[in-house]
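# Descriptive analysis of the structure
If you want the building blocks of each chain, they are given just below.
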Amino acid sequence: MVLKIHGHAIAPLVRLVAEVCREKEVPYELVNVEVYKGEHKTPAFKEFQPFGQVPYIDDDGFVLYESRAICRYIAKKYASQGTPDLVPRDPKAEAIFEQAVSIETSNFYPFALGITTEKIVKKHRGLEPNEARLSDLVNNLKAKLDVYEVILGKQAYLAGGSITLADLFHLPYGTIVFEELGYDMLEDRPNVARWWKEITARPSWLAVKAKA
């Protein structure tokens, strides 16, 4: 059976999972979830994803939720095909990879998600952004990217010389902040700009950038 991704086609983390499927040359079927109608909060959906969030996958009866866990599962199960070593297998290389994942989880995602919430999610809900919080989020993200600039001045990718999931995890919300919302955080950080240009030019991302 083909791997099924349950989620909405334009949801950021649904597109992330679809991107990783394409990196690993794994066919998938998108099972549409009407999030704007609240389908993800229904008992039927929460039977498989108890937090009522998208996506979750069904891989021939194996159900898994949380996008980063899903991406790791796909990368490891299909390690022999597609882009190699998205999760490194050498223990030391894997430790550096996990370090890089922690960088994204702690130093990028919270701020990029917060900016997205203030500028986009609140607008959809008919609310005004909290400008003080937005300013704080932007300034914090810029400070974190200053550290990225140092790291990426020493190596091509966050975990070393090869691309990994740690880099790809930045794609959905980075695209929203840098491209859709137009926050200019790259011009003064040439190493970050070079890295961002490389990862966003990948055919696997371009194929799902608009929708999974």
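Each remark here, short or long, concerns the structure printed above.
The notes below deal with the structure included here. Predicted, not measured: the structure shown is a model, and the values here were computed from it.

## Observations regarding the overall build of the protein chain
- The number of helices and strands found in the protein chain is 10 helices and 4 strands.
- For the protein chain, the N- to C-terminal ordering of α and β elements is β-α-β-α-β-β-α-α-α-α-α-α-α-α.
- Taking 17 Å as the expected radius of gyration for a compact globule of 212 residues, we find that the protein chain reaches 17 Å, a close match to that expectation.
- A principal-axis box enclosing the C-alpha atoms of the protein chain has dimensions of 50 × 45 × 25 Å.
- A sequence separation of at least 24 residues applies to 67% of the contacts in the protein chain between residues at least 6 apart.
- Summing over all exposed atoms, the protein chain offers an accessible surface of approximately 10,500 Å²; the carbon and sulfur share of this is 53%.
- Positive and negative charge centroids in the protein chain, built from 27 and 29 side chains respectively, lie 1 Å apart.

## Structural notes on unusual backbone geometry
- Of the consecutive residues V54 and P55, the connecting peptide bond is found in the cis state with omega at 5°.
- Positionally, P55 belongs in the loop between α2 (43-46) and β3 (56-59).
- We note that E25 has phi near 55°; this positive angle belongs to a residue other than glycine.
- Along the polypeptide, E25 turns up in the loop between α1 (12-23) and β2 (28-32).
- In this structure, D60 is a non-glycine residue whose phi angle is positive, near 55°.
- Mapped onto the elements, D60 comes out in the loop between β3 and β4 (62-65).

## Focus on the side chain of S204
- Structurally, S204 is set in helix α10 (residues 203-206).
- Within the structure, S204 has its side chain in polar contact with the side chain of E23 (distance 2.4 Å).
- If we skip the residues at most four places from it in the chain, S204 touches E19, R22 and E23.

## Side note on helix α3 (residues 67-77)
- Regarding α3, the residues found buried are S67, R68, I70, C71, I74 and A75. Each buried residue of α3 sits inside an arc of 160° when the element is viewed along its axis, so together they form one side.

## Thoughts on the environment of K211
- Position of K211 among the secondary structure elements: in the segment after α10.
- Relative accessible area serves as the criterion here: at 54%, K211 is assigned to the exposed category.
- Distance from K211 to A193, taken between C-alpha atoms, is 24 Å for residues 18 residues apart in sequence.
- Residue contacts for K211: discarding those within four places in its chain leaves A9, I10 and R15.

## Concerning the nonpolar core
- Counting 64 residues, the largest nonpolar core has I5, I74, I115, Y148, L165, M185 and W195 as its most contacted members.
- With residues up to four places along the chain from it excluded, the contact list for I74 reads L3, V17, V20, C21, K24 and V26.

## A look at the packing of aromatic side chains
- Inspection of every chain in the model, using the stated rule, returns 10 aromatic pairs.
- Aromatic ring contacts, followed pair by pair, group F108, Y148, F178, W195 and W196 into a single cluster.
- Here the basic side chain of R68 rests over the ring of Y109, its NZ or CZ set 4.6 Å away from the ring centre.
- Positioned above the aromatic ring of F169 is the side chain of R68, whose terminal nitrogen or guanidinium carbon lies 5.6 Å from the ring centre.

## Comments concerning the pairing of β3
- Relative to β3, strand β1 (residues 3-7) is paired through 3 bridges, and the arrangement is antiparallel. Paired with H6 across the two strands is Y56, which belongs to β3.
- Alignment of β3 against β4, held across 4 bridges, turns out to be antiparallel. Looking at β4, one finds that D58 is bridged to V63.
- Connecting β3 to the antiparallel partner β4 that follows it, the hairpin turn spans 2 residues, and D60 within it adopts a positive phi of roughly 55°.

Criteria and cut-off values
- Residues numbered from 1 in each chain as written.
- Predicted model: local features only at pLDDT ≥ 70, side-chain atom pairs only at ≥ 80, totals over all residues.
- Heavy atoms only, no water.
- Helix = DSSP H or I, 4+ residues; strand = E, 2+ residues; numbered from the N terminus.
- Rg over C-alpha atoms; globule rule 2.2 N^0.38 Å.
- Contact = heavy atoms within 4.5 Å.
- Areas by Shrake-Rupley, 256 points an atom, 1.4 Å probe, with all protein chains shown as cover.
- Lys, Arg positive; Asp, Glu negative; His and termini not counted.
- Charge placed at Lys NZ, Arg CZ, Asp CG, Glu CD.
- Polar contact = N/O pair within 3.5 Å; in protein donor to acceptor, adjacent residues only side chain to side chain.
- Buried < 20%, exposed > 50% of the residue type's maximum accessible area, 1.4 Å probe, protein only.
- Arc of directions from axis to C-beta.
- Core = buried A, V, L, I, M, F, W, Y, C linked by side-chain atoms within 4.5 Å.
- Phe/Tyr/Trp six-rings, centres within 6.5 Å; stacked < 30°, edge-to-face > 60°.
- Lys NZ or Arg CZ within 6 Å of the ring centre and 35° of its normal.
- Pairing = 2+ DSSP bridges.

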